[in-house]
Amino acid sequence: MDFRFSEEQQAAVEAARAVFGGVAPDGVPSPSLVPGAVADDFDRALWERLAGADLLSLLLDEEFGGAGLDAIALCLVLRESAKVLARVPLLESCAAAAAVQAYGDRELKSEVLRRAGTGELVLTVAAHGRTGHDPAELAVTAGRDGDDWVLDGVQTAIPWAHNAAFVLVPARTSADRTVLALVPRLHEGAPLDGFALAEQISTAGERLGELRLESVRLPDRYVLDADGAWPWLRDLLTVGTCALTLGLGTSVLGMTSDYTGKREQFGYPLATFQAVAVQAADRYIDLRAMEVTLWQAAWRISTGAGGVLPASGDVAVAKIWASEGVRRVVQTAQHLHGGFGADTDYPLHRYHAWAKYLELSLGPAAAHEEALGDLLAAHQLG
């Protein structure tokens, strides 16, 4: 079997490294030093460079100006972005555009996809439900009224919601089906009737949005009502989050290696002490486990390959390792850095804050362990 990435996927990695190579993880104020958000907007200059390198259209077909690549390619680029804590809605916008491409009608695709691929149109996804602990698809209701759909409900912790043109919202119908509604933030320059967005702040200091929908009306073309659209999008978002934790953890372990290799105690570098080396080795093993489970899950999503369990089982395993692994990596890094880990002039505290957000994003390890248990109970093995 050939486990190497394709030439196109490797080319995406090289393009991503060229774009992210000059990004400083401390380009905005520290979340520890400001009472609100670290910035009002994401990194627009970086967003334009990503668009110029054709990295916002990776998942789009050629007819929409894209490269026609898969979830693996997106995860490779996301891994590079997280190494420098890139402040861009890369995962959310690409995933939402991919859902429109897979499940939207021709009119919606023509309206959205090419503009999303060039970065002109920014998309995000409401994936955390009403509280962050309940299923996202149960937080909003959707019902038909003539040729329109009417939405009511609340979604919390939506990344980049204040800066996106559209929010893709899962919603439940009276027939107990889940649809995806592409909700515009503005209509003719003014907020959409019944659309209200409140500010929330993540542990990383980024602006999130609490979205309230009160009898919001949408034309039929803005609602994706195909079966399986939301589970597919949720799995793509989850493996993308796993890729972000892998990139972040890789940078943190590299920082720890550099620090312990230079910092001396009793006349010797810290890295030469057995207790330090063993802890670093354990975290290296965590990263390798995070990596192999990520690529397994991304491969299942990209190819549709069968398995003993549905692809969601591999996604759950990847998220379990990502959540627990990144937490252990940053905690060990803080321990081995001593006081430097909390120094706001040193970037490790930023990585720790981002890691906590990613650990809990789209469900902590325990939630995915429960989901995996349900799958194992429902599918006879052997």
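Owing to the predicted nature of the structure, the values given are computational and were not obtained by experimental measurement.

J.: Quick question: what am I supposed to make of the overall build of the protein here?
T.: Helices and strands together make up the secondary structure of the protein, namely 10 helices and 12 strands. Its C-alpha radius of gyration of 21 Å places the protein within 12% of the 21 Å reference for a compact globule of 382 residues. Here the protein holds 382 residues, and the buried ones make up 52% of them. Surface accessibility of the protein: about 16800 Å² in total, with carbon and sulfur atoms responsible for 52%. Distance from the positive charge centre (31 side chains) to the negative charge centre (50 side chains) of the protein: 3 Å.

J.: Which parts of the structure should I look at to understand the side chain of Arg207?
T.: For Arg207, the position within the fold is in strand β9 (residues 207-219). Side-chain polar atoms of Arg207 contact the side chain of Glu199, separated by 2.7 Å.

J.: Would you take a moment to explain the pairing of strand β5 (residues 178-184) for this structure?
T.: Looking along a regular strand, one sees the side chains alternate between the two faces of the sheet. Within β5, 7 of the 7 residues are buried, which leaves the element mostly enclosed by the surrounding structure. Here β5 shows no split at all, with Thr178, Leu180, Leu182 and Pro184 on one side and Val179, Ala181 and Val183 on the other all buried. Examined bridge by bridge, strand β4 (residues 166-172) and β5 share 7 bridges and lie antiparallel to one another. In the sheet register, Pro170 faces β5, and the bridge partner there is Leu180. Between the antiparallel neighbours β4 and β5 lie 5 residues, among them Asp176 with a positive phi of about 60°. Pairing between β5 and strand β10 (residues 223-224): 2 bridges, direction antiparallel. Residue pairing across strands places Leu180 opposite Leu224, the latter belonging to β10.

J.: Quick question: what am I supposed to make of helix α1 (residues 7-20) here?
T.: Counting along an α-helix, one turn takes 3.6 residues, and residues three or four places apart therefore face a common direction. Under the 1.5 Å per step criterion, the end-to-end length of α1 is 20 Å for 14 residues, consistent within 8% with the ideal 20 Å. Three or more residues of α1 are buried, namely Gln9, Ala12, Val13, Ala16, Val19 and Phe20. Along α1, the residues classed as buried sweep out an arc of 130° about the axis, all on the same side. Exposed residues on α1 whose side chains face more than 90 degrees from its buried face are Glu7 and Ala18. Residues of α1 that are buried in the fold lie against α2 (44-52), α3 (71-83) and α4 (90-103).

J.: Would you take a moment to explain the nonpolar core for this structure?
T.: By size, the foremost hydrophobic cluster in this structure holds 111 residues, and its most contacted members are Phe20, Leu50, Leu151, Val183, Leu213, Leu233 and Leu248. Here this core gets 14 residues from one element, more than from any other, and that element is helix α6 (residues 229-262). In this structure Phe20 touches Leu46, Leu50, Val77, Glu80, Ser81, Val84, Ala86 and Leu90, once residues within four positions along its chain are discounted.

J.: What exactly am I supposed to notice about the packing of α6 against helix α9 (residues 348-360) here?
T.: To describe two helices that pack against each other, one gives the angle between their axes and the distance between the axes. Close contact between α6 and α9 brings their axes to 10 Å; oriented N to C, the two are set at 155°. Considering their axes alone, α6 and α9 lie roughly antiparallel with respect to each other. Between α6 and α9 lies a crossing whose hand is left-handed. Residues Thr241, Leu244, Thr245, Leu248, Ser251, Val252 and Met255 of α6 touch α9, and the partners they reach there are Leu348, Tyr351, Trp354, Ala355 and Leu358. When grouped by side-chain class, the residues that make up the contact of α6 with α9 number 9 nonpolar, 3 polar and no charged.

J.: Help me understand the pattern of salt bridges in this model?
T.: In a structure, side chains of opposite charge can pair up when their charged atoms sit close to one another. By the definition in use, this model includes 27 salt bridges. Residue Arg87 pairs with Glu206 through a salt bridge whose shortest N-O separation is 2.7 Å. Placement of Arg87 in the loop between α3 and α4 and of Glu206 in the loop between β8 (195-201) and β9 is noted, with a sequence separation of 119 residues between them. Exposure class is identical for Arg87 and Glu206. Each is buried. Arg221 is paired through a salt bridge with Glu111; the nearest N and O atoms lie 3.3 Å apart. Taken together, the residues Arg221 in the loop between β9 and β10 and Glu111 in helix α5 (residues 106-117) connect sequence positions 110 residues apart. You can call Arg221 partly exposed: its relative accessible area is 25%. Look at Glu111 and you get partly exposed, because its relative accessible area is 23%. Connected via shared salt-bridge partners are Glu14, Arg17, Arg79, Glu80, Lys83, Arg288 and Glu291.

J.: Sorry, what's going on with the packing of α1 against α3 here?
T.: For the pair α1 and α3, the least separation of the axes is 9 Å and the interaxial angle reads 25°. By the angle class used here, α1 and α3 are roughly parallel. As α1 runs across α3, the sense of the crossing is right-handed. Of the residues in α3, those in contact with Gln9, Ala12, Val13, Ala16, Arg17 and Phe20 of α1 are Ile72, Ala73, Leu76, Val77, Arg79, Glu80 and Ser81. Taken together, the residues of the contact of α1 with α3 break down into 8 nonpolar, 2 polar and 3 charged.

Calculation rules
- Here, residues in each chain are numbered from 1, in the same order as that chain's written sequence.
- Under the rules for a predicted model, residues below a pLDDT of 70 receive no local features and side-chain atom pairs below 80 are neither given nor counted, while totals for whole chains, interfaces and linings still include all residues.
- The side-chain values count all of the structure's non-hydrogen atoms but skip hydrogen atoms and water molecules.
- Working definition: helices are DSSP H or I runs of at least four residues, strands are E runs of at least two. Numbering for both runs from the N terminus.
- Note that the radius of gyration is over C-alpha atoms, with the globule rule given as 2.2 Å times the number of residues to the power 0.38.
- To sort residues, take the accessible area from a 1.4 Å probe on protein chains only and compare it with the maximum for the residue type: under 20% means buried, over 50% means exposed, and anything in between is partly exposed.
- Per-residue accessibility takes into account occlusion by the displayed protein chains alone, with areas from the Shrake-Rupley method and a 1.4 Å probe.
- For the purpose of counting charges, residues Lys and Arg are taken to be positive, whereas Asp and Glu are taken to be negative. His and the chain ends are not included.
- The atom standing in for a charge is NZ when the residue is Lys, CZ when it is Arg, CG when it is Asp and CD when it is Glu.
- Counted as a polar contact is a pair of N or O atoms within 3.5 Å, where, for protein atoms, one must be capable of donating a hydrogen and the other of accepting one, and residues adjacent in sequence contribute only when both atoms are in side chains.
- Strands qualify as paired when DSSP identifies two bridges or more between them.
- Any helix carries an expected span of 1.5 Å times its number of residues minus one.
- This arc is built from the directions going out from the helix axis to the C-beta atoms.
- Any two residues having at least one pair of non-hydrogen atoms within 4.5 Å are treated as being in contact.
- Only buried residues count toward a nonpolar core, which is a set of Ala, Val, Leu, Ile, Met, Phe, Trp, Tyr and Cys residues joined through side-chain atoms within 4.5 Å.
- Comment: axis = line fitted to C-alpha atoms, over the contacting stretch for helices; angle = value between 0 and 180 degrees taken between N-to-C directions.
- Each angle receives one of four descriptions, namely roughly parallel if under 35 degrees, roughly antiparallel if over 145, roughly perpendicular if within 65 to 115, and oblique otherwise.
- The sense of a crossing depends on the near helix, which, turned anticlockwise from the far helix by less than a right angle, makes the crossing left-handed and, turned clockwise, makes it right-handed.
- Note on residue classes: Ala, Val, Leu, Ile, Met, Phe, Trp, Tyr, Cys and Pro are nonpolar, Asp, Glu, Lys and Arg are charged, and everything else, Gly too, is polar.
- For salt bridges, the criterion is a side-chain nitrogen of Lys or Arg within 4 Å of an Asp or Glu carboxyl oxygen.

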